Amino acid sequence: MTNYRRIRIEGGTYFFTQVTYQRQPWLCTDVARPLLRSAFLKVREKYPFAIDAIVLLPDHIHCIWTLPPNDSDYATRWRLIKSDVTKQGASKLRLQANRSESRHKRRESNLWQRRFWEHWIRDDVDFGRHCDYIHYNPVQHGLCQRAMDWKYSSFHRYVAQGIYSVDWGMKEELMPLLEVWDR
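Note that the structure is predicted; figures quoted are calculated from it, not measured.

**Some remarks on the pattern of salt bridges**
Part 1 of the argument: Under the definition given, this model contains five salt bridges.
Part 2 of the argument: Close ionic contact of D59 with R23 constitutes a salt bridge, the shortest N to O distance being 3.4 Å. Taken together, the positions of D59 in the loop between β2 (50–56) and β3 (60–66) and R23 in the loop between β1 (13–20) and α1 (32–46) put the pair 36 residues apart, joining distant regions of the chain.
Part 3 of the argument: The class of D59 is buried, set by a relative accessible area of 16%.
Part 4 of the argument: For R23, a relative accessible area of 33% gives the class partly exposed.

Have a look at this one:
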């Protein structure tokens, strides 16, 4: 098995992408959203972290988290979030994707892709570029014409704080997106 090397910076800020198993589009459903919210809240009680930016799309989540000082354990947080959503919602979601023999052996559900992608945010410019990527992602995927139209995003909080204007991120604009493929 491949040994994944992840960067771990105590108190670091990280960009994450977590994808559903076989890209099944269940994350924005009326069943899944409360499950995700509950799992995030539960995990944050025991393992605090700030959610600096987030977007929920049908088959993946992008977010930026900042961990507390002296803490670099984002992997445990993701494991607990995914486990809680699975325990609380697998039977309610009733997804039809077949599980591989490997997933059966590991007792893995058919909700989540096994791993997540992370990137350590190095500075304010890097943070801004990743926030733009997160908030423009629903437009990029053709889910809406402008970032403001997507309701499952921290974009609305950023508008309220005066960071973005309401008309930022319209499809007609040429956005300086990250040179990163969508996960």
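**Description of the sheet that holds strand β4 (residues 112–120)**
Part 1 of the argument: Overall, antiparallel pairing links the four strands, which are arranged β2-β3-β1-β4 in an open sheet. Bordering the open sheet on either side are β2 and β4, each of which pairs with just one other strand. Strand after strand, the sheet turns through a mean of 20° between neighbouring axes, direction not considered.
Part 2 of the argument: As judged from the six bridges shared by β2 and β3, these two strands associate in the antiparallel manner. Paired with I51 across the bridge in β3 is W65.
Part 3 of the argument: Against the sheet, α1 engages β2, β3 and β4, with an angle of about 165° to β2.
Part 4 of the argument: Lying over the sheet, helix α4 (residues 124–140) contacts β1, β2, β3 and β4, oriented at roughly 155° with respect to β3.

**Topic: the environment of Y74**
Part 1 of the argument: With respect to the helices and strands, Y74 occurs in helix α2 (residues 74–93).
Part 2 of the argument: Residue class for Y74 comes out buried when judged on its relative accessible area of 0%.
Part 3 of the argument: Separated by 60 residues in the primary sequence, Y74 and Y14 place their C-alpha atoms 8.8 Å from one another.
Part 4 of the argument: Leave out the neighbours within four places in its chain, and Y74 touches R6, I7, R8, Y14, F16, W65, L67, F116 and E118.

**Structural notes on the side chain of H135**
Part 1 of the argument: Relative to the helices and strands, H135 resides in helix α4.
Part 2 of the argument: Classification of H135 as buried rests on a relative accessible area of 1%.
Part 3 of the argument: A polar side-chain atom of H135 sits 2.7 Å from a polar atom in the side chain of S154.
Part 4 of the argument: Of the polar contacts made by the side chain of H135, one reaches the side chain of Y164; its length is 3.3 Å.

**Some remarks on unusual backbone geometry**
Part 1 of the argument: Located in the positive-phi region is R23, a residue other than glycine, with phi close to 55°.
Part 2 of the argument: Even without being glycine, N70 reaches a positive phi, approximately 65°.
Part 3 of the argument: By the element assignment, N70 lies in the loop between β3 and α2.
Part 4 of the argument: Judged by its relative accessible area of 68%, N70 falls in the exposed class.

**Details of the packing of aromatic side chains**
Part 1 of the argument: Inspection of the entire model under this criterion finds 22 aromatic pairs.
Part 2 of the argument: Considering the side-chain rings of W26 and W112, the 5.0 Å spacing of their centres and the 75° angle between planes classify their relative orientation as edge-to-face. Placement of W26 in the loop between β1 and α1 and of W112 in strand β4 is noted, with a sequence separation of 86 residues between them.
Part 3 of the argument: Taking 6.5 Å as the distance between ring centres and 85° as the angle between the ring planes, the aromatic pair formed by Y136 and W168 counts as edge-to-face. Of this pair, Y136 sits in helix α4 while W168 sits in the segment after α5 (155–160), placing them 32 residues apart in sequence. The residues Y136 and W168 share a single accessibility class, namely buried.
Part 4 of the argument: One aromatic cluster is present, formed by Y14, F16, F40, F49, W65, Y74, W78 and F116 through successive ring pairs.
Part 5 of the argument: One Lys or Arg, R8, reaches over the ring of Y74 and ends 5.3 Å from the middle of that ring.
Part 6 of the argument: The ring centre of F49 lies 5.6 Å from the NZ or CZ of R44, which sits over that ring.

Calculation rules
- Residues numbered from 1 in each chain as written.
- Predicted model: local features only at pLDDT ≥ 70, side-chain atom pairs only at ≥ 80, totals over all residues.
- Heavy atoms only, no water.
- Salt bridge = Lys/Arg side-chain N within 4 Å of Asp/Glu carboxyl O.
- Helix = DSSP H or I, 4+ residues; strand = E, 2+ residues; numbered from the N terminus.
- Buried < 20%, exposed > 50% of the residue type's maximum accessible area, 1.4 Å probe, protein only.
- Pairing = 2+ DSSP bridges.
- Axes fitted to C-alpha atoms, helices over the stretch in contact; angles between N-to-C directions.
- Contact = heavy atoms within 4.5 Å.
- Polar contact = N/O pair within 3.5 Å; in protein donor to acceptor, adjacent residues only side chain to side chain.
- Phe/Tyr/Trp six-rings, centres within 6.5 Å; stacked < 30°, edge-to-face > 60°.
- Lys NZ or Arg CZ within 6 Å of the ring centre and 35° of its normal.

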